[in-house]
Amino acid sequence: MNRTETMRLKKYLNDRFDTDQFTLNAGMQKDGSMEVHHKGEFLGVIYRDEDEGEVSYALSIAILEEDLPNAADASLI
């Protein structure tokens, strides 16, 4: 992804989630994807896809089971 795409995606995420804490980094990706960080913590990866001249972006977020609230937490009900 080029700089313009990166800046547009960053603005989109920050506007969409009403924050200014998203950052995008090229990281170690060789496929052109970007790492997404929120408040400095790795959140996921954005992939760029171009098909028949149309461009789209897919955000993949990895959520570790250990980061989820306890299943017995009464506030989940």
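**Considerations on the sheet that holds strand E3 (residues 41-51)**
With antiparallel pairing, the 4 strands of this open sheet are ordered in space as E1-E2-E3-E4. The open sheet terminates on both sides in strands that have one partner only, identified here as strand E1 (22-25) and strand E4 (54-61). When the angles between neighbouring strand axes are averaged without regard to direction, this sheet yields 30°.

**What to know about the nonpolar core**
Membership of the largest hydrophobic core is limited to 7 residues, which are Leu 9, Leu 13, Phe 22, Leu 24, Met 34, Val 36 and Ile 46. The set of elements that each furnish at least two residues to this core consists of helix H1 (3-16), E1 and strand E2 (34-38). Discounting chain neighbours no more than four positions away, the residues touching Phe 22 are Lys 10, Leu 13, Asn 14, Phe 17, Val 36, His 37, His 38 and Leu 43.

**Quick notes on the pairing of E2**
Within E2, 4 of the 5 residues are buried, which leaves it mostly tucked inside the rest of the structure. Of the strand pairs in this sheet, E1 and E2 are connected by 4 bridges, and their pairing is antiparallel. Pairing of Asn 25 across the sheet is with Glu 35, part of E2. Pairing geometry for E2 and E3, over 5 bridges, is antiparallel. Looking at E3, one finds that His 38 is bridged to Glu 41. Remark: 2 residues form the turn of the hairpin made by E2 and E3, two consecutive strands paired antiparallel; Lys 39 in that turn has positive phi of roughly 55°.

Calculation rules
- Residues numbered from 1 in each chain as written.
- Predicted model: local features only at pLDDT ≥ 70, side-chain atom pairs only at ≥ 80, totals over all residues.
- Heavy atoms only, no water.
- Pairing = 2+ DSSP bridges.
- Helix = DSSP H or I, 4+ residues; strand = E, 2+ residues; numbered from the N terminus.
- Axes fitted to C-alpha atoms, helices over the stretch in contact; angles between N-to-C directions.
- Core = buried A, V, L, I, M, F, W, Y, C linked by side-chain atoms within 4.5 Å.
- Buried < 20%, exposed > 50% of the residue type's maximum accessible area, 1.4 Å probe, protein only.
- Contact = heavy atoms within 4.5 Å.

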